[in-house]
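What follows is the residue order along each chain.
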Amino acid sequence: MDLPWLSQKAWAVERYGHPVFRVPVDPGWGCPNRDALGRGGCAFCAEDGGRARQLGDAEGPEEQVRRGAAFARERYGARLLQLYLQAYTATYTDTESLRALVEGLLGMERFQSLSLGTRPDCLSAATLALLREWNEAREVWVELGVQTSHDDTLTRIGRGHSWARSEEAILRLDAEGLRPCVHLLCGLPGEGPDEMLETVKRVAALPIHGIKFHNFHVLRDAPLGREWLKAPFEVLGERAYLAWLAEALRWVPAGIPVFRLVTDSPPEQRLAPPQVLKKGRFLHELQGFMDLRGWRQGDRAIGK
Ligand code: SF4
């Protein structure tokens, strides 16, 4: 199936000959926006900090790797695996602890690559040096929570860093030979299609290596969920998001792999939007929407 966007799977098959399957691990370190800064976390973030659902009740990183790798092999016949430290902020610890955990886990399997989810303000010089060291043996990706390029929104959601900090982090990671994959959160309160598109254009102009789109869901356990329960506010519906996303993808350079296109939140947590499409249906409709118009990822990108 020739998709009008470059999926991470298609990109990996073209580059390595096989898809790369991720083995998620929750390092359990929390994040500075909840702990050190004492702000109670970003307003959109649920208590679990985005912990992958497939981790289930697996206790401890080693058990998570054992289960995740077995699942990827049995279910998908995976040949290439990526160790993915996700949930909260994977670099929110000292470098000795980070080294001990990651090197222990890398020794459990033949991981083709490593990916760490973090914030733009949680990449110290010592952490970057460690990532560079690992990058000599295998690709290191950094999944960077950027969310939006609008400082007023970042302030409103209590994000605790500015757009300038995100820009600086992307440039630095790329300069160090690492691979930043940016996470955007579309439909945050106060933003419309134009603001959202402006963010896409800004990140597309930077040396990103991958992009993930999430559409904003109001989650019961998140600060915005508590606000919504007191006074419901309007949330971007999924079909409006789909139409916007079709246009947004045109501004993403054609060679940048897209890791995610739609949010997949636990139904028991989601307060809004009320209706969501199953992921497969969403992607099918997005493809139809773009194909009908002859649109493709990157066909409006600057310097394509
Ligand atoms: S989104 Fe990340 S930085 Fe923000 S509260 Fe959740 S885990 Fe912490």
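Shown above is the structure to which this text applies.
Since the structure is predicted, the reported quantities are computational estimates derived from the model, not experimental observations. Numbering of residues starts from 1 in each chain and follows the order in which that chain's sequence is written. Confidence filtering applies because this is a predicted model: local features only for residues at pLDDT of at least 70, side-chain atom pairs given and counted only at 80 or more, and all residues used for totals across whole chains, interfaces and linings. Side-chain numbers here rest on the full set of heavy atoms in the structure, without hydrogens or water.

1. Considerations on a negative patch on the surface
- Within the patch definition used here, like charges are joined within 9 Å and nonpolar side chains (Val, Leu, Ile, Met, Phe, Trp, Tyr) within 5 Å, considering only residues with over 30% relative accessible area and no salt bridge. To measure how exposed things are, a 1.4 Å probe is used in the Shrake-Rupley method; for residues, cover is taken only from the protein chains shown. Salt bridges are defined as contacts in which a side-chain nitrogen from Lys or Arg sits within 4 Å of a carboxyl oxygen from Asp or Glu. Positive residues here are Lys and Arg, negative ones are Asp and Glu, while His and the chain termini are left out of the count. In plain terms, the charge of a residue is placed at NZ if it is Lys, CZ if Arg, CG if Asp and CD if Glu. A cluster of acidic residues, D151, D152, D194 and E195, forms a negative patch on the protein surface.
- Counting residues per element, the ones that place at least two in the negative patch are α5 (151-156) and α7 (193-204).
- Within the element layout of this structure, D194 appears in helix α7.
- For every residue, the accessible area (1.4 Å probe, protein chains only) is compared with the maximum for its type, and the residue is labelled buried under 20%, exposed over 50%, or partly exposed between those bounds. Assessed through its relative accessible area of 62%, D194 is described here as exposed. Helix and strand labels come from DSSP, where a helix needs a run of H or I of at least four residues and a strand needs a run of E of at least two; each type is numbered from the N terminus.

2. What about the sheet that holds strand β2 (residues 80-85)?
- DSSP calls a pair of strands paired once it identifies at least 2 bridges connecting them. In spatial order, the strands read β1-β2-β3-β4-β5-β6-β8; together these seven strands make up an open sheet with parallel pairing. Unpaired on one side and paired on the other, β1 (20-25) and β8 (258-260) mark the two borders of the sheet. Direction aside, the axes of adjacent strands within the sheet are offset by 25 degrees on average.
- As defined by bridge partners, strand β6 (residues 210-215) adjoins β8 across two bridges and the pair is classed as parallel. Directly across from I211, in β8, lies its bridge partner V258.
- Note on definitions: a residue-residue contact is assigned when non-hydrogen atoms from the two residues lie within 4.5 Å. Lines fitted to C-alpha atoms define the axes here, with helix axes fitted over just the stretch in contact, and angles between the N-to-C directions of these axes take values from 0 to 180 degrees. Of the strands in this sheet, β4 (139-147), β5 (179-186) and β6 are in contact with α7, which crosses β5 at around 175 degrees.

3. Re the site of the ligand
- In the vicinity of the ligand, the residues found are C31, R34, G41, C42, F44, C45, Y88, R119 and R159.
- Lys, Arg, Asp and Glu make up the charged group, whereas Ala, Val, Leu, Ile, Met, Phe, Trp, Tyr, Cys and Pro make up the nonpolar group; the residues left over, Gly among them, are polar. Its residues placed into classes, the shell around the ligand shows five nonpolar, one polar and three charged. Being near a molecule or strand, for a residue, comes down to having at least one heavy atom within 4 Å of it.

4. Here's the deal with the side chain of R34
- As for its position among the elements, R34 is in the loop between β1 and α2 (61-76).
- Classification of R34 by relative accessible area gives buried; the value is 18%.
- Here a polar contact is taken to be a pair of N or O atoms separated by no more than 3.5 Å, where protein atoms must pair a possible hydrogen donor with a possible acceptor and residues adjacent in sequence count only if both atoms sit in side chains. Engagement of the side chain of R34 in a polar contact is seen with the backbone oxygen of A46, the distance being 2.6 Å.

5. Quick look at the packing of α7 against helix α9 (residues 238-249)
- Here α7 crosses α9 at 30 degrees, and the two axes come no closer than 10 Å. Judged on the interaxial angle alone, α9 and α7 are roughly parallel. In this structure, α7 meets α9 at a crossing whose hand is right-handed. Residues P193, M196, L197 and V200 of α7 form the contact with α9, whose participating residues are W244, E247 and A248.
- Tallied by class, residues from the contact of α7 with α9 come to six nonpolar, no polar and one charged. Under this scheme an angle from 65 to 115 degrees is roughly perpendicular, one under 35 degrees roughly parallel, and one over 145 degrees roughly antiparallel; angles in between are oblique. Here a crossing is taken to be left-handed if its near helix is turned anticlockwise relative to the far helix by less than a right angle, and right-handed if that turn runs clockwise.

6. Structural notes on the packing of aromatic side chains
- Under the pairing criterion, centres of Phe, Tyr and Trp rings, with the six-membered ring standing for Trp, must be within 6.5 Å; the plane angle then separates stacked pairs below 30 degrees from edge-to-face pairs above 60, leaving the rest tilted. Scanning the model with the defined rule gives nine aromatic pairs in all.
- Their ring planes at 55 degrees and their centres at 5.4 Å tell us that W141 and F259 sit as a pair that is tilted. Here W141, found in strand β4, pairs with F259, found in strand β8; they are 118 residues apart in sequence, far enough to count as distant. Considered together, W141 and F259 belong to a single accessibility category, that of buried residues.
- Pairing Y241 with W244 gives two aromatic rings, centres 6.1 Å apart and planes at 25 degrees, and the pair type is stacked. Taken together, the residues Y241 and W244, both in helix α9 and three residues apart, mark about one turn of the helix. Neither Y241 nor W244 differs from the other in exposure class; each is buried.
- The rings of W11, Y16, W141 and F259 are connected pair by pair, giving a single aromatic cluster.

7. Focus: the pattern of salt bridges
- Per the stated rule, a full pass over the model turns up 19 salt bridges.
- Between R22 and E143 there is a salt bridge whose closest N-O contact spans 2.2 Å. Here R22, found in strand β1, pairs with E143, found in strand β4; they are 121 residues apart in sequence, far enough to count as distant.
- Take R22: its relative accessible area is 22%, and that puts it in the partly exposed class.
- Through salt bridges with shared partners, a single ionic network connects E247, R250, D299 and R300.

8. A word on the nonpolar core
- If you look at the biggest cluster of nonpolar residues, it comprises 64 residues, and the most contacted ones within it are I211, F213, W244 and L286.
- In terms of residue count, the dominant contributor to this core is α9 (seven residues).
- Ranked by size, the runner-up nonpolar core spans 14 residues in total, among them C42, A43, L224 and W228. Grouping buried Ala, Val, Leu, Ile, Met, Phe, Trp, Tyr and Cys residues that are joined through side-chain atoms within 4.5 Å yields what is termed a nonpolar core.

9. Things to note about the side chain of E176
- Counting through the fold element by element, E176 comes out in the loop between α6 (163-175) and β5.
- Its relative accessible area of 18% is what places E176 among the buried residues.
- Apart from the residues lying within four places of it in its own chain, the contact partners of E176 are L128 and R132.

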